[in-house]
Amino acid sequence: MHIWQGDITTLAFDAIVNAANSSLLGGGGVDGAIHRAAGPQLRQYCANLGGCPTGEARITPGFRLPARHVLHTVGPVWRGGSHGEPGLLAACFRACLALANQHQLNTIAFPAISCGIYGYPPELAAPIAVEESLTALACRDKLQITLVAFDTEMVEHFATALSGRR
Ligand code: ADP
């Protein structure tokens with residue numbers, strides 16, 4: 001597993017994960033960056049998918065992105081932690097990794113799902129990201145997972161979670 005700081009839209013991976021909203025029609029944060037980089041065809045394609053519930057994922061082509069596919073998942077909005085948020089966040093990782101498995105995608109990059117506009121405390125989200133990634137990596141030889149942090153603070157949260165697990 002790798003931790004990398006930067007813009008997820010620049011990665012030429014089999015798939016990058018989008019922290020989407022349930023309409024799948026684009027939004028702010030990483031979602032906005034992915035839609036801008038992929039071009040208008042992504043929105044047109046997403047409009048035919050009929051949305052996506054929290055904790056699930058949908059696959060699309062990457063269009064103008066260097067990544068071949070986008071795995072769109074809808075993270076939980078943080079509402080204090082007792083509304084099923086940890087289970088829903090784990091479900092996002094699992095849903096994306098199940099799609100990656102089905103489509104034989106080996107190199108996958110995840111942003112810090114829910115840690116932006118959706119307000120999930122990054123120190124609580126990072127251990128879930130690490131745990132779900134390590135579980136998937138243990139099951140599939142060729143799989144490579146990169147956790148992408150946009151800022152140095154998020155790098156620290158991922159690194160702390162990973163060192164706590166090792
Ligand atoms: P959510 O609505 O799920 O909280 P956000 O896009 O608001 O999603 O934020 C999720 C995380 O993605 C945040 O940590 C944010 O800093 C990060 N982020 C924003 N833009 C990018 C980008 N271009 N590449 C990677 N990560 C990004």
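Scroll up to find the structure.
First, a word on scope: everything that follows refers to the structure included in this document. Nothing here was measured: the structure is a model prediction, and the numbers come from that model.

1. Section: the nonpolar core
Then, in step 1: Residues Leu71, Ile108, Phe110 and Leu147 are the most contacted members of the largest nonpolar core, which totals 34 residues.
Then, in step 2: With residues near it in sequence (within four places) discarded, Leu147 still touches Met1, His2, Ile3, Trp4, Phe93, Phe110, Ala129, Val130, Ser133 and Phe158.
Then, in step 3: Counting 16 residues, the second-largest nonpolar core is a separate cluster that includes Leu11, Leu24, Cys52 and Leu65.

2. Describing the site of the ligand
Then, in step 1: Surveying the vicinity of the ligand reveals 15 residues, the closest of which are Asp7, Val30, Ser114, Gly116 and Ile117.
Then, in step 2: Between the ligand and Val30, the relevant distance is 2.8 Å, taken from an oxygen atom to a main-chain nitrogen or oxygen of the residue.
Then, in step 3: One nitrogen or oxygen atom from the main chain of Ile117 is found 2.8 Å from an oxygen atom belonging to the ligand.
Then, in step 4: Notes on the ligand: free accessible area 560 Å², of which the protein chains cover 90%.
Then, in step 5: Residue composition of the shell around the ligand, by class: 10 nonpolar, four polar and one charged.

3. Section: the pairing of strand S4 (residues 69-74)
Then, in step 1: When you tally the buried positions in S4, you get six out of six residues, the bulk of the element.
Then, in step 2: Side chains His69, Leu71 and Thr73 project from S4 onto one buried face, and the interleaved Val70, His72 and Val74 project onto a second face that is buried too.
Then, in step 3: As defined by bridge partners, strand S2 (residues 15-20) adjoins S4 across six bridges and the pair is classed as parallel. The residue of S4 that forms the bridge with Asn18 is His72.
Then, in step 4: Both strand S3 (residues 57-61) and S4 contribute to a ladder of five bridges, which runs antiparallel. By the bridge assignment, Ile59 is partnered in S4 with Leu71.

4. Considering the side chain of Thr73
Then, in step 1: Residue position: Thr73 is located in strand S4.
Then, in step 2: We classify Thr73 as buried; its relative accessible area is 0%.
Then, in step 3: In this structure the side chain of Thr73 is engaged in a polar contact, spanning 2.8 Å, whose partner is the backbone oxygen of Glu56.
Then, in step 4: Residues within four places of Thr73 in sequence aside, it is in contact with Val17, Asn18, Ala19, Ala20, Glu56, Ala57, Cys92, Cys96 and Ile113.

5. With respect to the layout of surface pockets
Then, in step 1: Taken as a whole, the largest pocket encloses approximately 600 Å³ of empty space.
Then, in step 2: Around the largest pocket, the lining comprises 30 residues; the ones closest to its centre are Gly29, Val30, Ala112, Cys115 and Gly116.
Then, in step 3: Put simply, the parts of the chain that give the lining of the largest pocket at least two residues each are S2, helix H1 (29-38), strand S6 (144-149) and helix H5 (152-165).
Then, in step 4: The element that contributes the greatest number of residues to the lining of the largest pocket is H1, accounting for four residues.

Cut-offs applied
Residues numbered from 1 in each chain as written. Predicted model: local features only at pLDDT ≥ 70, side-chain atom pairs only at ≥ 80, totals over all residues. Heavy atoms only, no water. Core = buried A, V, L, I, M, F, W, Y, C linked by side-chain atoms within 4.5 Å. Buried < 20%, exposed > 50% of the residue type's maximum accessible area, 1.4 Å probe, protein only. Contact = heavy atoms within 4.5 Å. Near = heavy atom within 4 Å. Polar contact = N/O pair within 3.5 Å; in protein donor to acceptor, adjacent residues only side chain to side chain. Areas by Shrake-Rupley, 256 points an atom, 1.4 Å probe, with all protein chains shown as cover. Nonpolar A, V, L, I, M, F, W, Y, C, P; charged D, E, K, R; others polar. Helix = DSSP H or I, 4+ residues; strand = E, 2+ residues; numbered from the N terminus. Pairing = 2+ DSSP bridges. 1 Å grid on protein atoms, 1.4 Å probe; cavity = no way out; pocket = protein on both sides within 12 Å on 5 of 7 lines; lining within 4 Å. Points joined across faces, edges and corners; volume = space filled by probe spheres on them.

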